[in-house]
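A structural walkthrough
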Amino acid sequence: MSDLRAADARARERALEVGRSFIVQAPAGAGKTELLVRRFLALLATVAEPESILAITFTRKAAAEMRDRVLGALAAVHAPDPARPLHERTLELARAALEADRARGWNLLGQPGRLRIQTIDALNLGLARRLPLLSGLGAGLGVEEDARDLYRR
């Protein structure tokens with residue numbers, strides 16, 4: 001293994017240390033989403049409730065992909081998909097997450113809505129809806145799909 005690859009592997013493992021914060025910066029195709037999925041799985045093995053973990057993305061597509069990958073990794077522990085083989089480290093973290101799931105009675109595969117993987121807009125909308133008086137916005141909130149008119153105003 002080259003020095004660069006070894007350094008990359010060490011950095012990826014440090015990112016899985018759930019007591020630490022980190023920033024991921026890499027070009028497209030470098031494995032950022034896979035690293036974040038692994039981090040999410042590592043966190044699942046340590047928390048009392050899965051809702052205490054929040055993964056935020058910018059797009060719905062990214063949130064859906066991350067959710068699919070987390071659930072796919074959990075499902076692959078018992079039923080591997082030969083068309084989508086997973087890295088052994090991902091499976092190891094998924095096994096630990098499923099052990100926590102079983103021990104704490106979460107049933108994540110049956111109740112995937114307990115995984116908080118959402119867009120920044122969805123997070124803000126949820127906060128504003130929970131605190132309508134404090135937000136000053138009242139009811140009737142929603143995510144604007146085409147904000148050009150709002151930007152013009």
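About the cut-offs
- Residues numbered from 1 in each chain as written.
- Predicted model: local features only at pLDDT ≥ 70, side-chain atom pairs only at ≥ 80, totals over all residues.
- Heavy atoms only, no water.
- Core = buried A, V, L, I, M, F, W, Y, C linked by side-chain atoms within 4.5 Å.
- Buried < 20%, exposed > 50% of the residue type's maximum accessible area, 1.4 Å probe, protein only.
- Helix = DSSP H or I, 4+ residues; strand = E, 2+ residues; numbered from the N terminus.
- Contact = heavy atoms within 4.5 Å.
- Axes fitted to C-alpha atoms, helices over the stretch in contact; angles between N-to-C directions.
- Parallel < 35°, antiparallel > 145°, perpendicular 65-115°, else oblique.
- Left-handed = near helix turned anticlockwise from the far one by under 90°.
- Nonpolar A, V, L, I, M, F, W, Y, C, P; charged D, E, K, R; others polar.
- Pairing = 2+ DSSP bridges.
- Salt bridge = Lys/Arg side-chain N within 4 Å of Asp/Glu carboxyl O.
- Polar contact = N/O pair within 3.5 Å; in protein donor to acceptor, adjacent residues only side chain to side chain.

The biggest cluster of nonpolar side chains holds 27 residues, and the ones touching the most others in it are F40, L41, L44, V70, L74, L115 and I117. Contributions of two or more residues to this core are made by α2 (32-44), α3 (60-76) and α4 (88-104). Here this core gets seven residues from one element, more than from any other, and that element is α2. For F40, the contacting residues outside a window of four places in its chain are I53, A55, M66, V70, L115, R116 and I117.

Turning our eyes to something else, we now look at the packing of α2 against α3. One way to put it is that α2 packs onto α3 with a least axis distance of 10 Å and a crossing angle of 55 degrees. As far as their axial angle goes, α3 and α2 are oblique. Note that α2 runs across α3; the crossing there is right-handed. Contact residues: α2 offers T33, E34, L36, V37, F40 and L41, while α3 offers E65, M66, R69, V70, A73 and L74. Grouping the constituent residues of the contact of α2 with α3 by class yields eight nonpolar, one polar and three charged.

To continue, consider the pairing of strand β1 (residues 54-57). Of the two faces of β1, only one is covered, namely that formed by A55 and T57; the face formed by L54 and I56 stays uncovered. By the bridge criterion, four bridges tie β1 to strand β2 (residues 116-119) in an arrangement that is parallel. Bridge assignment links A55 to a residue of β2, and that residue is I117.

Summed over the entire model, instances satisfying the criterion amount to 14 salt bridges. Close ionic contact of E17 with R20 constitutes a salt bridge, the shortest N to O distance being 3.3 Å. Put simply, R114 and E49 hold a salt bridge, and the shortest N to O gap is 2.6 Å. In this pair, R114 is assigned in the loop between α4 and β2 and E49 in the loop between α2 and β1, connecting sequence segments 65 residues apart. Exposure remark for R114: the relative accessible area of 16% places this residue in the buried category.

On to the side chain of R114. In terms of polar contacts, R114 uses its side chain to reach the backbone carbonyl oxygen of W106, at 3.4 Å. Dropping the residues within four chain positions of it, R114 is found in contact with E49, P50, E51, G105, W106 and L108.

Right, let's get into the environment of L43. Of note, L43 is situated in helix α2. Once the C-alpha coordinates of L43 and E17 are considered, the two residues, 26 residues apart in sequence, prove to be 8.9 Å apart.

Note: most peptide bonds trans; most residues except glycine with negative phi. Its identity as a non-glycine residue notwithstanding, N107 has a phi of 60 degrees, on the positive side. For N107, the position within the fold is in the loop between α4 and β2. Residue classification places N107 among the partly exposed residues on the basis of a relative accessible area of 41%.

Time to look at the environment of T33. Within the secondary structure, T33 sits in helix α2. Taking the C-alpha atoms as reference points, T33 and R14, separated by 19 residues in sequence, lie 16 Å from one another.

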